[in-house]
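Results of the structural survey
Residues per chain are reported as follows:
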Amino acid sequence: MPDEHLSILQSLGVAVLAFAAVVWTLGLIGLVRRRRSGADSLRIALRTLWYTGRTPLRSLPHQRQSPPRLEYVELTPTERDAFAGLVRQLSDGH
């Protein structure tokens, strides 16, 4: 018998992995069947993935194509002097 050299944990591990594979396969089949109700949606998603290399994520909002607006803070003359001193101090170390 080939199983006589396997421990119980090894046999149990194989059984758990086989069960997980079956559950994953059934879930994948259910997902494909559910998406097939939209008929062309799977075909469009695959075509988009093939031509652009990106998957369409319908659950995420569209991302902004422009960069965010610039933000800045006006420094007081004292803060500007302190920052200049800090830059001088750090540049002297290198």
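Residues numbered from 1 in each chain as written. Predicted model: local features only at pLDDT ≥ 70, side-chain atom pairs only at ≥ 80, totals over all residues. Heavy atoms only, no water.

**Describing the overall build of the chain**
In terms of regular secondary structure, the chain is built from three helices and zero strands. Secondary structure elements of the chain, listed N to C terminal, follow the sequence α-α-α. When the 94 residues of the chain are sorted by exposure, 1% land in the buried category. (Helix = DSSP H or I, 4+ residues; strand = E, 2+ residues; numbered from the N terminus. Buried < 20%, exposed > 50% of the residue type's maximum accessible area, 1.4 Å probe, protein only.)

**Description of a nonpolar patch on the surface**
A cluster of nonpolar side chains, Trp24, Leu28, Leu31 and Val32, forms an exposed patch at the surface whose accessible area comes to about 380 Å². Here Leu28 shows up in helix α1 (residues 8-36). By relative accessible area, Leu28 is classed as partly exposed at 39%. (Patch = residues over 30% accessible without salt bridge, like charges linked within 9 Å, V, L, I, M, F, W, Y side chains within 5 Å. Areas by Shrake-Rupley, 256 points an atom, 1.4 Å probe, with all protein chains shown as cover. Salt bridge = Lys/Arg side-chain N within 4 Å of Asp/Glu carboxyl O.)

**Overview of helix α3 (residues 77-92)**
Helix length check: α3 (16 residues) gives 23 Å between terminal C-alpha atoms against 22 Å at 1.5 Å per residue, within 8%. The buried count for α3 comes to zero of 16 residues, which makes it a mostly uncovered element. (Expected span 1.5 Å × (residues − 1).)

**Thoughts on the confidence of the model for the chain**
Should the pLDDT be low somewhere, the predicted coordinates at that spot are not to be read in detail. Mean pLDDT for the chain: 78, with 64% of residues reaching 70 or above. Across the chain, the secondary-structure element scoring lowest on mean pLDDT is helix α2 (residues 40-52), at 63, and the one scoring highest is α3, at 92. (pLDDT = per-residue confidence, 0-100.)

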